[in-house]
Amino acid sequence: MDKPWKISRGPIAAAELDVEKANAINTLLIRPIGVLPTKPGDPVLPFAVGLFNELRPLLKPGAGVTTLRRATAAYVHCRRYYFASAQPDSMRHGLDGEPVEPLSSEDRLVAQKRFLSLKQSAGKTEAPEQPALPPPPLLSKNEQIRAALLNRKSSSARVG
């Protein structure tokens, strides 16, 4: 996996979780930004380099920069964001959602590796677990004595 992918999968559609992460970012800002998906199915757009510095002035009064940084990190470190960034025709986008520049092949390769790593680890955690067998029913003292007596009677009947 030393070379970036050559076949594009086209625009990568946002899932509900991606939209929730995008909404977490937008709620911290004085206005929504166009680079984020607003509904499932919207394309996931890779950010322009330095976009976070453009977000900071849009921060609502009282909202923390650290909170914005964490919300942004949660969005850009998800599987579909990496998948969108790894595409051969992927472009970086500004705040308004307009393309700014193509991703470098180095950045695409890093995104590709991270996507595959996340996909692999998600496959391990999503593997169906074997259902646990229910424990054998616990017998009361009386039931244990009765079972022992029944076994003794059936044993002596076989002998005689």
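Going by the structure above, here's the rest.
Everything quoted here is computed from the prediction, not taken from an experiment.

A full pass over the atoms with the stated rule returns four aromatic pairs. Between Phe83 and Phe115 the ring centres are 4.4 Å apart and the planes differ by 15°, which places this aromatic pair in the stacked class. Here Phe83, found in helix H4 (residues 79-86), pairs with Phe115, found in helix H5 (residues 105-125); they are 32 residues apart in sequence, far enough to count as distant.

At 3.6 residues per turn, the α-helix brings residues three or four places apart onto the same side. Between its first and last C-alpha atoms helix H3 (residues 65-76) spans 16 Å; for twelve residues at 1.5 Å apiece the expected length is 16 Å, and the two agree. By the burial criterion, the buried members of H3 are Leu68, Ala71, Thr72, Tyr75 and Val76. Angular distribution of buried residues about the axis of H3 spans 125°; they occupy a single face of the element. Taken together, the buried residues of H3 touch helix H1 (16-27), helix H2 (51-55) and H4.

Turning our attention to the pairing of strand E2 (residues 99-102). It is a general feature of regular strands that their side chains alternate between the two faces of the sheet. As paired elements, strand E1 (residues 91-93) and E2 share three bridges and run antiparallel to each other. Within E2, the position partnered with Arg92 by the bridge is Glu101. Between E1 and E2, which follow one another and run antiparallel, lie five residues, and Gly97 among them has a positive phi close to 90°.

Moving on to H4. The buried fraction of H4 is high, at six of eight residues. Looking at H4, one finds that the buried residues are Tyr81, Tyr82, Phe83, Ala84, Ser85 and Ala86.

Attention now goes to the side chain of Asp18. For Asp18, the location among the structural elements is in helix H1. A relative accessible area of 1% means that Asp18 is categorised as buried. When near neighbours in sequence (up to four residues on either side) are disregarded, Asp18 contacts Ala13, Pro37, Tyr75, Cys78 and Arg80.

What counts and how
Residues numbered from 1 in each chain as written. Predicted model: local features only at pLDDT ≥ 70, side-chain atom pairs only at ≥ 80, totals over all residues. Heavy atoms only, no water. Phe/Tyr/Trp six-rings, centres within 6.5 Å; stacked < 30°, edge-to-face > 60°. Helix = DSSP H or I, 4+ residues; strand = E, 2+ residues; numbered from the N terminus. Expected span 1.5 Å × (residues − 1). Buried < 20%, exposed > 50% of the residue type's maximum accessible area, 1.4 Å probe, protein only. Arc of directions from axis to C-beta. Contact = heavy atoms within 4.5 Å. Pairing = 2+ DSSP bridges.

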